[in-house]
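Chain by chain, the residues run as shown.
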Amino acid sequence: MDKRITRYDSVESMNAAAYRAWHRLPPGERIRAVMDITVATYAIKGQALDVPRLQRTLVRLQRPAR
């Protein structure tokens, strides 16, 4: 775990550094972090922890018989 303390000159430079840090993560880790934050938010609100996950849509296309 990185425990460095960084001092920023402005809120804009702090936000830019956070933006760059998030973009260094692979997409799967970003999605996982969002899901963790979502579950934690539901827990704080006292709601169920079994929040729905991202849903996938399955479509089956059948070719016409020749």
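Residues numbered from 1 in each chain as written. Predicted model: local features only at pLDDT ≥ 70, side-chain atom pairs only at ≥ 80, totals over all residues. Heavy atoms only, no water.

Caption draft 1: Quick peek at the overall build of the protein. The helix and strand inventory of the protein stands at 2 helices and 0 strands. Split into buried and exposed, the 66 residues of the protein put 6% on the buried side. Accessible area of the protein: about 7100 Å², with a carbon and sulfur share of 56%. (Helix = DSSP H or I, 4+ residues; strand = E, 2+ residues; numbered from the N terminus. Buried < 20%, exposed > 50% of the residue type's maximum accessible area, 1.4 Å probe, protein only. Areas by Shrake-Rupley, 256 points an atom, 1.4 Å probe, with all protein chains shown as cover.)

Caption draft 2: Looking closely at the pattern of salt bridges. Taken as a whole, this structure holds 1 salt bridge when the rule is applied. Of the charged contacts, one joins Arg32 and Asp36 as a salt bridge, the two residues approaching to 3.4 Å between their closest N and O atoms. With Arg32 and Asp36 both in helix 2 (residues 27-44) and 4 residues apart, the pair spans about one turn of that helix. (Salt bridge = Lys/Arg side-chain N within 4 Å of Asp/Glu carboxyl O.)

Caption draft 3: Main features of a nonpolar patch on the surface. Where nonpolar side chains cluster on the molecular surface, the patch consists of Tyr8, Val11 and Met14 and spans about 270 Å² of accessible area. If you trace the backbone, Tyr8 turns up in the segment before helix 1 (11-24). (Patch = residues over 30% accessible without salt bridge, like charges linked within 9 Å, V, L, I, M, F, W, Y side chains within 5 Å.)

Caption draft 4: Structural view of helix 2. In this model helix 2 runs 26 Å from its N-terminal to its C-terminal C-alpha over 18 residues, within 8% of the 26 Å that 1.5 Å per residue would give. Just downstream of helix 2, Gly46 is the residue with a positive phi angle, here 80°. (Expected span 1.5 Å × (residues − 1).)

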